[in-house]
Amino acid sequence: MKILHVDTNHPLLIEQFAELGFENHEDYTSSKEEVASKIHLYDGLVIRSRFTIDEEFLNKAINLKFIGRVGAGLENIAIRHAKEKGVFLANAPEGNRNAVGEHALGMLLSLMNNLIKAHREVRKGKWDREGNRGVELDGKTIGIIGYGNMGKAFAQKLKGFDVEILCYDIKGGVGDENARQVGILELQQKSDVISLHVPQNDLSIGMVNTEFINAFSKSFWLINTARGKCVVTKDLVEGLKSGKVLGAGLDVLEYEKKSFENMFTKRPKPFKYLRKAANVILTPHVGGWTVESKVKLAQTIVDKIKAEFC
């Protein structure tokens, strides 16, 4: 099979495809239109997030047998249309779930112990011990929304803490020894921390809004390592101002471009608040972006394609 790679990835991906007898072609600079004009020549496409694979693109991919998406989600692909055309879709949430779990935990501990705030103050010569008194995770209730690869990885990281872990998911029967599955009402009644691990879809876009925030019985910390559009930023800012949200760790933002490579062309007012807030930690969509996950993501794609076609 002839494979077109349009994003750079770990070299093992190309190396192992070659060992399987596949013919690898690399094109990391052509426009989407230019790639679409030649996609009919290829049996496979490997992509991260450079551009969306929409119906028009897929209609030109008359010989395409698979798309390898080197990442967790498939929201940049017209999934239903691809499946109707018999295109096998391989993504790799198994490849970066550990990285995401560690990142979420790191953000949570940093928030609760004022690590970023204290670090900045000390560097400026300010020694404020009382103003940086932390809060312990011990005894808290952690609510995980979305209990797939990422949610389970986060729960696994929390096993060493004396916490209660609840999970909420649209699928039933996903709870395990690390988290008890509950309904949304119990989650909102008991949780001290909410961590999002959902894919981007019609149900998750805008799910964290004013109504959602105000439904919680207690003020809570919010961690989002999932997708930026799951949180309505202006509503989150209001929650932070009112104290209903104690702090937020955001690896993803509502204003990201679909490519995930760049941020935005304008600076919305809610984002300006987040940038200055002492109880907010922002990272540039790197939750699953580790040295190890780069290898794991590529290997996962190879393994799935090999299992399907070899």
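Above: the structure in question.
The text that follows walks through the structure, step by step, so that each part is easy to find.

About the cut-offs
- In every chain, residue numbers begin from 1 and rise along the written sequence.
- Under the rules for a predicted model, residues below a pLDDT of 70 receive no local features and side-chain atom pairs below 80 are neither given nor counted, while totals for whole chains, interfaces and linings still include all residues.
- The side-chain figures draw on all heavy atoms in the structure; neither hydrogens nor water molecules are used.
- Starting at the N terminus, helices and strands are each numbered in turn, a helix being any DSSP run of H or I of at least four residues and a strand any DSSP run of E of at least two.
- We compute the radius of gyration from the C-alpha atoms alone; for a globule the expected value is 2.2 Å times N to the 0.38, where N is the number of residues.
- Think of it in three bands: with a 1.4 Å probe and only protein chains considered, a residue is buried below 20% of the maximum accessible area for its type, exposed above 50%, and partly exposed in between.
- Should any heavy atoms of two residues lie within 4.5 Å, those residues are considered in contact.
- A 1.4 Å probe and the Shrake-Rupley method give the accessible areas. Residues count as covered only by the protein chains that appear here.
- To qualify as a nonpolar core, a set must consist of buried Ala, Val, Leu, Ile, Met, Phe, Trp, Tyr and Cys residues joined through side-chain atoms within 4.5 Å.
- Ring pairs shown here join Phe, Tyr and Trp side chains whose ring centres sit within 6.5 Å, with only the six-membered ring taken for Trp; geometry is labelled stacked below 30 degrees between planes, edge-to-face above 60, and tilted in between.
- Throughout this description, the term charge over a ring refers to an Arg CZ or Lys NZ atom that lies within 6 Å of the ring centre and within 35 degrees of the ring normal.
- Here the arc refers to the set of directions running from the helix axis out to each C-beta atom.
- Any Lys or Arg side-chain nitrogen located within 4 Å of an Asp or Glu carboxyl oxygen qualifies as a salt bridge.

### Observations concerning the overall build of the protein
Broken down by element type, the protein carries twelve helices and twelve strands. For 310 residues, the compact-globule estimate of 2.2 N^0.38 gives 19 Å, and the protein sits close to it at 21 Å. The dimensions of the protein, computed from C-alpha atoms along their principal axes, are 65 × 45 × 35 Å. Counting across all 310 residues of the protein, residues that qualify as buried make up 50%. In the protein, 60% of the contacts between residues at least 6 apart in sequence involve partners at least 24 apart. For the protein, the accessible area works out to roughly 15,400 Å², and carbon and sulfur atoms hold 50% of it.

### Some words on the side chain of Ser204
Summarising the element assignment, Ser204 is placed in the loop between strand 9 (193–196) and helix 9 (210–214). Here Ser204 falls in the buried class, since its relative accessible area comes to 4%. With sequence-adjacent residues up to four places away left out, Ser204 is seen in contact with Val198, Pro199, Lys229 and Cys230.

### Digging into the nonpolar core
Ile145, Ile194, Leu196, Val208, Leu222, Leu236 and Leu274 are the most contacted members of the largest nonpolar core, which has 29 residues in total. For this core, the secondary structure elements donating two or more residues are strand 9, helix 9, strand 10 (220–224), helix 10 (233–242), strand 11 (245–250) and helix 11 (269–276). Counting 22 residues, the second largest nonpolar core, distinct from the first, contains Ile144, Ala155, Leu158 and Val193.

### A short note on the side chain of Thr300
Mapping Thr300 onto the fold places it in helix 12 (residues 291–309). For Thr300, a relative accessible area of 13% puts it in the buried group. Those residues in contact with Thr300, other than ones at most four positions away along the chain, are Asn91, Ala92, Glu94 and Gly95.

### So, the packing of aromatic side chains
Under the definition given, this model contains eight aromatic pairs. Taking 5.2 Å as the distance between ring centres and 65° as the angle between the ring planes, the aromatic pair formed by Phe212 and Phe216 counts as edge-to-face. Exposure remark for Phe212: the relative accessible area of 9% places this residue in the buried category. Here the aromatic rings of Tyr255 and Phe271 are separated by 6.5 Å at their centres, their planes lie at 70°, and the arrangement is edge-to-face. Of the two residues, Tyr255 is situated in the loop between strand 11 and helix 11 and Phe271 in helix 11; the sequence distance between them amounts to 16 residues. Summarising the burial analysis for this pair, Tyr255 and Phe271 share the class buried. Taken together, the aromatic side chains of Phe17, Phe22, Phe66, Phe88 and Phe309 make up a single cluster linked through ring pairs. Positioned above the aromatic ring of Tyr42, the side-chain terminus of Lys2 is 5.4 Å from the ring centre.

### A closer look at helix 1 (residues 12–19)
Helical periodicity: at 3.6 residues per turn, an α-helix aligns residues three or four positions apart in one direction. Looking at helix 1, one finds that the buried residues are Leu12, Leu13 and Phe17. Angular distribution of buried residues about the axis of helix 1 spans 130°; they occupy a single face of the element. Where helix 1 is buried, its residues contact strand 1 (2–5), strand 2 (23–26), strand 3 (44–47), strand 4 (66–69) and helix 12. Directly beyond the C-terminal end of helix 1, a positive phi value near 95° is found at Gly21.

### Focus: the pattern of salt bridges
A side chain with one charge may pair with a side chain of the opposite charge, provided their charged atoms come close. This structure, assessed with the given rule, holds 15 salt bridges. Residue Lys65 pairs with Asp43 through a salt bridge whose shortest N-O separation is 2.7 Å. Linking Lys65 in the loop between helix 3 (55–60) and strand 4 with Asp43 in the loop between helix 2 (32–36) and strand 3, this pair joins segments that are 22 residues apart in sequence. By relative accessible area, which is 36% here, Lys65 ends up partly exposed. On the basis of relative accessible area, Asp43 is assigned to the buried category, the value being 15%. Of the charged contacts, one joins Glu121 and Lys117 as a salt bridge, the two residues approaching to 2.9 Å between their closest N and O atoms. Taken together, the positions of Glu121 and Lys117, both in helix 6 (residues 115–123) and four residues apart, correspond to about one turn of that helix. For Lys117, a relative accessible area of 21% translates into the label partly exposed. In this structure, a network of salt bridges that share partners links the residues Glu164, Arg180, Glu186 and Lys190.

### Some points on the environment of Lys2
Among the structural elements, Lys2 can be located in strand 1. Between the alpha carbons of Lys2 and Glu15 there is a distance of 14 Å; along the sequence they are 13 residues apart.

These figures capture arrangement, not role.
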